[in-house]
Amino acid sequence: MAKAKKVKSSYVCQSCGHSAPKWLGRCPQCDEWNSLVEEVSRPAGRGIAARPTTAGAAANKPVSIAEALEADDLERLCCGIDELDRVLGSGLVPGSLVLLGGDPGVGKSTLLCQMLQGIAEAHGSILYASGEESVAQTGLRAKRVGATNPGLTLYAETNLDIILEQALEMRPAVLAIDSIQTVHCDALDSIPGSVGQVREATGRLMAFSKTSGIPTILVGHVTKEGSIAGPKTLEHMVDTVLHFEGEGTSPYRILRAIKNRFGSTQEIGVFEMRGSGLCEVPNPSELFLAERPEDAPGSLVVATLEGTRPILVEVQALVAPPAANFGRRTCAGVDSNRVALLLAVLAKRAGLDLVPEDVFVNVAGGVRVFEPAVDLGIACALASSAYDNAVDGKTLVFGEVGLAGEVRAVNMADIRLSEAAKLGFERCVLPEQNRQRLESDHGLTLVGVSTVKEALRALS
Ligand code: TYD
Ligand code: MG
């Protein structure tokens, strides 16, 4: 009589991915209550047998560094969408695994579809497995965004073993899975989207892309807490994590690299969602400043950097009498702790006590800026609103503020100034230390300041 296969079961936390041999009411790793779910795995069988270990590639063996260095010259696959290629680090690296995350409805599938179209034009066939939508639905979207290259193959399949078999047979230039939460592996009994399934599927896809050299793109949903697909472990497994973000009703979307083994994590790509898909926004400063009110107190333009790219954004501050008997702070797009610090510095070092007031700070256009270089801009915008004194619309401000009320130098001041000059700004209030070390004045009137007090005086 054949011996029955032993079924192994473990309890996996759906929040952090911790695995325990028995059920517990509270996860010992992340302290989440009632998050452990039983996951049963069958030790042998089709799933593991189908794992594409050496298929299509040379067997694994140790190699000398000289050989490995040659591999560095691998040709990257560009999709022709500059904003996306730049965030990836000039294109997709062969054999890499990319996770594209974002809120539902933000446009992940649309971006993927346009990207695959670009790659299909340049590099040939693509296998696009979609478990979220039927072939007809994916086709409708593809038609809408003009992704009609015959190299695009749609595949409405959710069984990962079958998808990988198909991919090995077809050997596409890129394999795309939309989304990782809908695929399942036969080796596990748990439902698709559970931590065990997502982790197993990602592990298998990692092995697949590394051994076959076929770059693979996964779409992943973001959980309530903002992390991709629950466990952080997923982000550790892949090579690149891209995050697609958008604010409420705004048509603008920002693509960020959160992790990138083959490029910078500082770059961002800006897109606009239109009726016919996503359009690139090559000059975001112009867009973020387009609706700026003229001569409004509390509104000020700051120069911030995203990677190597300067972006001018409008910071708006509103200081109002307190609604309750303590001052509230409401911040969007800037760090509220930083605003609290700047309010304290203004009170102690510049004689402007706004601590009891209600304070609102907002960055227009749904952008988020967390660079210290925006400190001085926020402080000046607060003062401008408090004194009801509008700052001239052609003036730009940047600089880091210290606790002693000093204004500190920031990096790449020349790049920030040249962007401002391009957009027609005429005057800039900047750290004195930066002013002394500039390559050129870029045709701007420069006001170097060493303290917040001096900056407020320069703007009044
Ligand atoms: P989608 O890519 O399906 O989002 P995700 O995959 O992240 O869930 O895009 C969803 C939204 O984008 C939907 O509300 C409609 C809008 N959209 C446009 O405005 N224009 C377009 O050309 C497309 C394809 C979608
Ligand atoms: Mg989708």
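This text follows the structure it describes.
Residues numbered from 1 in each chain as written. Chains lettered and ligands numbered in written order. Predicted model: local features only at pLDDT ≥ 70, side-chain atom pairs only at ≥ 80, totals over all residues. Heavy atoms only, no water.

**Student:** Could you clarify how one ought to interpret the overall build of the chain in this entry?
**Tutor:** Within the chain one finds 14 helices and 21 strands. When its C-alpha atoms are laid out on the principal axes, the chain stretches across 90 × 55 × 50 Å. Expressed as a percentage of contacts within the chain between residues at least 6 apart in sequence, the contacts between residues at least 24 apart total 67%. The chain carries 44 positive and 55 negative side-chain charges, and their two centres are separated by 6 Å. (Helix = DSSP H or I, 4+ residues; strand = E, 2+ residues; numbered from the N terminus. Contact = heavy atoms within 4.5 Å. Lys, Arg positive; Asp, Glu negative; His and termini not counted. Charge placed at Lys NZ, Arg CZ, Asp CG, Glu CD.)

**Student:** Explain the packing of aromatic side chains here, please?
**Tutor:** Geometrically, a pair of aromatic rings is defined through the distance of the ring centres and the angle of the planes. Counting across every chain of the model gives one aromatic pair. Relative to F271, the ring of F244 lies with its centre 6.0 Å away and its plane at 75°, an arrangement referred to as edge-to-face. Taken as a pair, F244 in strand β9 (residues 240–246) and F271 in strand β11 (residues 268–274) lie far apart in primary sequence, 27 residues in all. As far as burial versus exposure is concerned, F244 and F271 are alike and both buried. (Phe/Tyr/Trp six-rings, centres within 6.5 Å; stacked < 30°, edge-to-face > 60°. Buried < 20%, exposed > 50% of the residue type's maximum accessible area, 1.4 Å probe, protein only.)

**Student:** Would you take a moment to explain the side chain of K108 for this structure?
**Tutor:** Note that K108 resides in helix α4 (residues 108–123). Here K108 is buried and forms no salt bridge, its nearest opposite-charge partner E132 lying at an N-O distance of 6.6 Å. Excluding residues that lie within four positions of it along the chain, K108 makes contacts with L100, G101, G102, D103, V219, G220, H221 and F244. (Salt bridge = Lys/Arg side-chain N within 4 Å of Asp/Glu carboxyl O.)

**Student:** In this structure, what is going on with the environment of V195? I would like to understand it.
**Tutor:** Position of V195 relative to the elements: it lies in helix α7 (residues 195–212). Classification of V195 as buried rests on a relative accessible area of 3%. For the pair formed by V195 and G146, sequence separation is 49 residues and the distance between their alpha carbons is 35 Å.

**Student:** What should I look at first to understand the pairing of strand β7 (residues 174–178) in this one?
**Tutor:** Each regular strand displays side chains that alternate between the two surfaces of the sheet. Counting buried residues along β7, five of its five residues qualify, which places the element largely inside the surrounding structure. Burial along β7 is two-sided: the face carrying V174, A176 and D178 and the face carrying L175 and I177 are both buried. Bridge count for strand β5 (residues 126–130) against β7 is five bridges, and the pairing is parallel. Counted as the bridge partner of Y128 is A176 from β7. As paired strands, β7 and strand β8 (residues 216–221) are joined by four bridges and run parallel to one another. Residue pairing in the sheet places L175 in a bridge with T216 of β8. Read as a crossover between parallel neighbours, the route from β7 over α7 to β8 is right-handed. (Pairing = 2+ DSSP bridges. Right-handed = clockwise from strand over helix to strand, strands pointing away.)

**Student:** Can you walk me through the sheet that holds strand β10 (residues 252–260) in this structure?
**Tutor:** Pairing within the open sheet is mixed, and its nine strands lie in the order β6-β5-β7-β8-β4-β9-β10-β11-β12. Because the sheet does not close on itself, it has two edges, and the strands there are β6 (152–155) and β12 (277–280). Averaged over all pairs of adjacent strands, the angle between strand axes in this sheet comes to 25°, irrespective of strand direction. (Axes fitted to C-alpha atoms, helices over the stretch in contact; angles between N-to-C directions.)

**Student:** Before we go on, may I ask you to explain the pattern of salt bridges in this structure?
**Tutor:** Any two side chains of opposite charge can pair if their charged atoms end up close together. If you walk through the whole model with that rule in mind, you get 13 salt bridges. Across the salt bridge formed by E406 and R408, the nearest N and O atoms sit 2.9 Å from each other. Given a relative accessible area of 42%, R408 falls into the partly exposed group. A network of salt bridges, in which partner residues are shared, links K210, D239 and R261.

**Student:** Sorry if this is basic, but what is going on with the nonpolar core here?
**Tutor:** Across soluble globular proteins, nonpolar side chains have a tendency to be buried as a group. Within the largest apolar cluster, 46 residues are counted, with the highest numbers of intra-cluster contacts made by L346, V361, L376, I378 and L382. The residues contacting L346, other than those within four sequence positions of it, are G351, L352, L354, A379, L382, V452 and L456. (Core = buried A, V, L, I, M, F, W, Y, C linked by side-chain atoms within 4.5 Å.)

These figures capture arrangement, not role.
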